[in-house]
Amino acid sequence: MRKSWHRLASGAAAVLSLSLVLSACSGIKKEEAGSAEPADGKSITLRIMWWGSQARHDATLKALDLYSEKNPGITFEPEYQSFDGYQDKLSTQSAGKNTPDIFQMDAAWFNDWASSGRLEDLSSIPTDHIDKALLETGTYQGKLYAMPLGNNAWGMVYNKTMMDSLGVQPPKTWDEFFAMARDLKPKLAKDQYLTRDLTADGAFYMSYQLSMGKGFSMSKDGKFHYDEATWKDWMNKWAELRKDNLVTPPDVTVSDKAQDAQMDLLIQEKILLRGAHAAEFGGTDALKPGVLALTTQPRGTQAGGWLKASMYWSVSPNSQYKEEAKKFIDWFVNSEEAGEILGTSRGIPVNKTVADALQPKFTDVDKSALGLINEVSKDGAAFDPGPGNKGGWANFTKEYDNITQSIMFGKISIDEGWDQIVKLSKTLE
Amino acid sequence: MNAQTVQTPDKAGLYKGMEAVANKTFKGRWNAPLAGYLFIAPWLLGFLILQLWPIIQSFYLSFTEYSLLEPARWIGIKNFQDIAHDRLFFNSLKVTFLYVIASVPLKLLVALAIALLLNRNIRGISFYRTIIYLPSLIGGSLAVAVLWRNIFGLNGFINQLAIWVGIAPKNWIGTPSTALGTLVLLTAWQFGSSMIIFLAGLKQIPSELYEAASVDGASPLRKFIRITLPMLSPVILFNLIMGIINAFQMFTSAFVVTNGGPVNSTEMFALFLYNKAFGSLQMGYASALAWILLVIIGIATALNFIASKYWVFYETETEGRK
């Protein structure tokens, strides 16, 4: 008898542990569901997700606390991380219809998301003091689906201390740029160069083509815009510099990892300049305080940089609290108290009034970023978010890197590379 | 299983009743006690819900175009047709096979050599075993991959060594011809679990065999070839198969150390699959790749089992053969 009781008890234990496992799972679910269904209609929890550096996390969390304090009954469930893997996570959540109520959006994915009905219309949020050109970048078919959060500009970051001691200014035009790569080398150490080899750098090439008056090489119309003559000219210039050992050798070039304290060639003083966004400058400066400065992209026949929004807030159309989410975004971009806490954690604030009120408190880093933005805004291009991932462009971008790297490592000629790119462009829809 | 042994005479009525029902329903095939199934139920449910169901789903998805952002669309075998024309697919196959062929034997050799070293009776041997096994506990982790990136990087330890002995330093990870080699070395460095299994296998070999061989005047090398290797062959087969299966699915270090580069020279199959799934949001395509990988691993394992008939020696077989 005792033995059978023993068995029964162990069986029961198994069932019990099973139900514990199950209830543990449903416990998590319940918490989420609980926040989605307020018992009294007053207390709600907004899920909000963003990427960024530690400084941005701290500032945002502080702003969320203040908002909860001022709006009793509204609390937040924040999810934040670095940029790596953010898009993967967001896409996966979206597939499971589990996107947060509010989430940070990037210009490069915006079209994919807006065109597939994954974003809520935010047109009701007041935008009187916000730059119209920036708002345009978050608009799809006449409706605002992504609220820009900061001004940003594409330029270059350079080692000011070293350039000053060498008695040179950062290059203003591409002619100066290529000449300087040659002229500066004898004054530098054996493994120091003006720049890394930009053969396989798609963003820099885009600037080059733009500055030569041929427009963006990739654009949101999804068509192929690479200009053959400009592209081959660019590749030939780099091939010459590479041949004469005036730019980083290929194995060093591919080891470069921007904003990584160990692997960023600029931080390691192996190169003197690189392409950069104004809004990233805080992070870069922190790795090498007081040494770096910003400047514009080199000019060709016209300016090569562009203005863009650093990032956006978007709202999920599946959210149960769309109005509350929009109210929060309104406060986030339009109120001075939010602006004061957030500072330039997402670039220079888009709301002119907020930005003006903040100006006296700007640090040197903020001022550098603002300086570049002002400089670019004189004659820089409006940002084109590009074709996104659709129509074979994700594959194109990956293959493009592969082809240009093959050229850099001398595995194929420039003409062969161009032929492969043209062949690849035929696969675009 | 023999029903007689299971049916113990003193059974609680409730339990008896349950089994009677079970026996009737499954016509006597349901012989294992219900309690057993209850015990494995948490695992079983986890397997069904978290593994089997996604596997079935991925099979379905492999015949669809699915970007996560829009519902899956049935496109028949188009994914498989596209894969057959995908240059990067064949590149990743080439890289993966190279990696498997280089890393698995190397790792087994290292593991066996260290197991032999640790299979002796000296003072404090268990301490040495622990120390030597320790790195393998963290070997597959992200942190070690990052460490590896720094060791073989431009300012890394290997280059300092190279300068010291007069070799021109280079970025081993950034050079297409050496990048895969650094990953193979990283794999060999994770010898621990194979080593432990070898060690257990070595301890199973009866010492009489060695004593008899010594009496006959066999050299240590001859003893190793004639006694150790045949006696260890089932363990070698196990390690070989597990090593091959793991190597085909290698992801972490390719992702962290080189991220597939330079010029796709380390774009392993699993990394290629990941990039298709989350980089390009081609979930259907990636699912099709996953099933192709399953077939490849299945064939590789089957070939190993077939080949094992010719070199693996099981002690129990001797009576049957002679």
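Numbers given to residues run from 1 along each chain, matching the order in which its sequence is written. Note on labels: chains are lettered from A, ligands numbered from 1, in written order. Under the rules for a predicted model, residues below a pLDDT of 70 receive no local features and side-chain atom pairs below 80 are neither given nor counted, while totals for whole chains, interfaces and linings still include all residues. With hydrogens and water stripped out, all remaining heavy atoms of the structure feed into the side-chain values.

(A) The arrangement of the overall build of chain A in detail. Regarding its fold elements, chain A presents 17 helices and 13 strands. Viewed in the frame of its principal axes, chain A has a C-alpha envelope of about 90 × 60 × 45 Å. To sort residues, take the accessible area from a 1.4 Å probe on protein chains only and compare it with the maximum for the residue type: under 20% means buried, over 50% means exposed, and anything in between is partly exposed. The buried share of chain A, reckoned over its 429 residues, is 53%. Contacts are residue-level and defined by heavy atoms, with any inter-residue pair within 4.5 Å sufficient. Taking the contacts inside chain A whose residues are at least 6 apart along the sequence as the reference set, 72% of them involve residues at least 24 apart. Note on areas: Shrake-Rupley with a 1.4 Å probe; residue coverage comes only from the protein chains shown. For chain A, the exposed area adds up to about 19,100 Å²; of that, 52% sits on carbon and sulfur atoms. Positive charges come from Lys and Arg alone, negative charges from Asp and Glu alone, with His and the N- and C-terminal ends not counted. Throughout, a charge is located at the NZ atom of Lys, the CZ atom of Arg, the CG atom of Asp or the CD atom of Glu. Where the 48 positive side-chain charges of chain A centre and where its 57 negative ones centre are 4 Å apart. A run of DSSP states H or I qualifies as a helix once it reaches four residues; a run of E qualifies as a strand once it reaches two. Both are numbered from the N-terminal end.

(B) Just the overall build of chain B, in detail. When helices and strands are counted, chain B shows 16 helices and two strands. By the burial criterion, 42% of the 322 residues in chain B qualify as buried. Contacts in chain B between residues at least 24 apart in sequence constitute 66% of all its contacts with a sequence separation of at least 6.

(C) Quick peek at the pattern of salt bridges. Note on definitions: salt bridges are taken to be side-chain nitrogens of Lys or Arg within 4 Å of carboxyl oxygens of Asp or Glu. By the definition in use, this model includes 25 salt bridges over all chains. With its nearest N and O atoms 2.7 Å apart, the salt bridge here joins E65(B) to R73(B). Here R73(B) falls in the partly exposed class, since its relative accessible area comes to 48%. Where salt bridges share partners, they join R196(A), D201(A), D256(A), D264(A) and R274(A) into one cluster.

(D) Region of interest: helix α8 (residues 202-211) of chain A. Residue and element names in this part refer to chain A. Burial runs high along α8: eight of the 10 residues are buried. Residues F204, Y205, M206, S207, Y208, Q209, L210 and S211 constitute the buried set of α8. Nitrogen and oxygen atoms within 3.5 Å of one another constitute a polar contact, given that in protein one can donate a hydrogen and the other can accept it, and given that sequence-neighbouring residues count only through two side-chain atoms. With a side-chain oxygen lying 3.2 Å from the backbone nitrogen of A203, the N-terminal cap of α8 falls on D201. A positive phi of about 80 degrees marks G213, the residue just after α8.

(E) Representation of the UniProt feature "transmembrane region" (unreviewed entry) in chain B. Residues and elements named next belong to chain B. UniProt positions are given in the numbering used here, feature names are shortened, and annotations may be inferred rather than shown by experiment. Mapped onto this structure's residue numbering, the UniProt feature "transmembrane region" (unreviewed entry) falls at residues 34-56, 97-118, 130-148, 179-202 and 286-307. Helix makes up 100% of residues 34-56 and strand 0%. Its end C-alpha atoms lie 27 Å apart. The span residues 286-307 carries 100% helix and 0% strand; its end-to-end C-alpha distance comes to 31 Å.

(F) Representation of the sheet that holds strand β2 (residues 74-81) of chain A in the model. Residues and elements named next belong to chain A. In spatial order, the strands read β2-β1-β3-β11-β6; together these five strands make up an open sheet with mixed pairing. A single partner strand is all that each edge strand has here, and the edge strands are β2 and β6 (147-148). Seen against the sheet, helix α2 (residues 54-70) touches β1 (44-51), β2 and β3 (102-105) and runs at an angle of roughly 170 degrees to β2. Contacts from helix α4 (residues 107-115) reach β1, β3 and β11 (312-315), with the element oriented near 125 degrees to β3. A pair of strands is considered paired only if DSSP assigns at least 2 bridges between the two. Every axis corresponds to a line fitted to the C-alpha atoms, with the helix fit spanning only the stretch in contact, and the corresponding angles, defined between N-to-C directions, vary from 0 to 180 degrees.

(G) Geometry of the nonpolar core. Counting 161 residues, the largest nonpolar core has M105(A), W231(A), W234(A) and F328(A) as its most contacted members. Top contributing element to this core by residue count: helix α5 (residues 87-118) of chain B, with 13 residues. When near neighbours in sequence (up to four residues on either side) are disregarded, W234(A) contacts W174(A), F178(A), L198(A), T199(A), F204(A), Y205(A) and Y208(A). Among the nonpolar cores identified, the runner-up in size contains 22 residues, and F281(A), L358(A), L370(A) and V376(A) belong to it. Only buried residues count toward a nonpolar core. Its members are Ala, Val, Leu, Ile, Met, Phe, Trp, Tyr and Cys residues joined through side-chain atoms within 4.5 Å.

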